[in-house]
Amino acid sequence: MKRRTFLASGPAAGALSLFGPAAWAVSRKETADVVVIGSGGTGLTAGLTAQADGAKVIVLEKMPITGGNTQLAAGGMNAADTRFQAQRKIADSWRTMYDDTMKGGKNINDPALVEVLAKNSAASVDWLSSIGADMSGVGRMAGASEDRTHRPAAGDAVGHNIVHAMRQTAIQRKLDVRTNSRVIKIFRNRAGRVTGVLVQNKFGEVYSIEAPVVILASGGFSADLARVAQYQPSYAGFSSTNQPGATGDGLDLGAEVGGQLRDMQHIQIHPTQAAGSKILITEAVRGNGAILVNSQGKRFVNELTTRDAASAAILAQPGGTAYLILDQDIRKSLKQIEGYYHLELVKEGNTPEDLARTLGMDPATFKATLDTYNSAQAAKKDAEFGRPDMPRPVKTGPFIAIGVRPGVHYTMGGLAINTKAQVLDKDGKPIPGLYAGGEVTGGVHGANRLGGNSISETITFGRIAGAEAAKEARAARATSVKKA
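If you're wondering where the values come from, they're calculated on a predicted model, not measured in any experiment.

1. Examining the packing of aromatic side chains
Summed over all chains, the structure comprises three aromatic pairs. For the ring pair Trp 94 and Tyr 98, a centre distance of 6.2 Å and an interplane angle of 75° mean the geometry is edge-to-face. With a gap of four residues between them, Trp 94 and Tyr 98 both fall in helix α4 (residues 94-104), about one helical turn apart. Tyr 98 gets classed as buried once you look at its relative accessible area, which sits at 13%. With 5.5 Å between their ring centres and 50° between their planes, Tyr 235 and Phe 238 make a pair best called tilted.

2. Re the sheet that holds strand β10 (residues 181-188)
Within a sheet, neighbouring strands are paired by backbone hydrogen bonds and run either parallel or antiparallel to one another. The strand order across the open sheet built from four strands is β3-β12-β11-β10, with neighbouring strands paired in mixed fashion. Edge positions in the open sheet fall to β3 (29-31) and β10, since each of these has one partner strand only. Averaged over all neighbouring strand pairs, the angle between strand axes comes to 25°, with direction disregarded. By the bridge criterion, three bridges tie β3 to strand β12 (residues 206-210) in an arrangement that is parallel.

3. Quick word on the pattern of salt bridges
One pass over the structure, following the stated rule, counts 31 salt bridges. Arg 83 is the salt-bridge partner of Asp 126, the closest N and O atoms lying 3.1 Å from each other. Of this pair, Asp 126 sits in helix α6 (residues 121-130) while Arg 83 sits in helix α3 (residues 83-87), placing them 43 residues apart in sequence. A salt bridge links Arg 227 to Asp 252; its shortest N-O distance comes to 3.0 Å. With Arg 227 in helix α8 (residues 225-231) and Asp 252 in helix α9 (residues 249-256), the pair connects residues that are 25 residues apart, well separated along the chain. Here the salt bridges do not stand alone but share partners, grouping Arg 28, Glu 30, Asp 176, Arg 178 and Glu 205 into one network.

Parameters and conventions
- Residues numbered from 1 in each chain as written.
- Predicted model: local features only at pLDDT ≥ 70, side-chain atom pairs only at ≥ 80, totals over all residues.
- Heavy atoms only, no water.
- Phe/Tyr/Trp six-rings, centres within 6.5 Å; stacked < 30°, edge-to-face > 60°.
- Helix = DSSP H or I, 4+ residues; strand = E, 2+ residues; numbered from the N terminus.
- Buried < 20%, exposed > 50% of the residue type's maximum accessible area, 1.4 Å probe, protein only.
- Pairing = 2+ DSSP bridges.
- Axes fitted to C-alpha atoms, helices over the stretch in contact; angles between N-to-C directions.
- Salt bridge = Lys/Arg side-chain N within 4 Å of Asp/Glu carboxyl O.

Set out below in structure tokens:
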């Protein structure tokens, strides 16, 4: 295809002189109402929502496949006041979820965003159910004071289930989703409103899409370990649990057009990355009853404390590592555990003493640890570490151990947004036509994210961004028609 030089004109006039070179070799120009950057859970949710509201939507994904980090999510999605909780007579409320989230984030979260997260969480579960996702299972993850973590009833990984439902819905509705399509520029005109994007495909072709609204849904930067170390030097040398596309491109695109960044120093390390690998051991393993012991066979922490506290406790142990210990009943309660067997991450022993010898621990010490915990579980009171929820004992052999150490998992910082998912500039004012949701944003999780709140944020703010974007696109079309 013959390339031509494209200079901004019409709605995009002034964009090039303000935010980049005067010209690019652009092969073609397209138009849309809404462009979504990123096709993880947030991007697909936003795209489907905006399309359902009548917008012409194009979703752009730089990687060869859709799904982003969402497809790796294992534990579940936090939501309060849901019909699935009601079926189990679980007494929960958006206020309790709000309080847990603020406490977990050390109260530096944006309270308005957290309220939106909690109040809309049940509706987000219903929306997922409406497109075919199974969210009927309910459990608990660290930092929650009630059972509110929704996942497939069979105990499958939540991310695969959600992304599969979204992909199928996108195909059925003919949503325009383009992989291997990297956005290299967002345009704004002299009046300051977003007017479109510049895209490069896998063949190196560069083309533009004129659109009055752009949604950033491109995730965080946990896979860019140099950037992680820049904001948190103490994390230099850590590995990451993220898919390789999580490199922070969207943060750069948003900042380049004036978006405000917040909380960038707050980076979460997940306490249970499988030692010697990049595989994340889901928090649901602990939520379903597993305990943590050190290399001496002793418990050292409340396993359901927040991720930052659990990670710090593991790093303080000899070698900075620990073992997740579980039994056959816990294994049967969560289907994902079978995957760890297939990945050869598991060690077994027919008795506690057998497992201890395999791990190089003193058998008597390890056996005493299990006995003490099982007594506490039976009494429903953990005098040693104050674990609030102990759903199962650890007493049915063969006994299982998985070696773990903390790994870089989530970036709480990102672009500042308001409750309509509009990106804010450095003066705290919305940038016309620019929205964002998910891990590319900051403010929802504060200094530390609770397990289960990422998927909740993904769906809730994806739906808000999509609905608000479609509304703004309609207004832009109406204005254009009136001028014509």
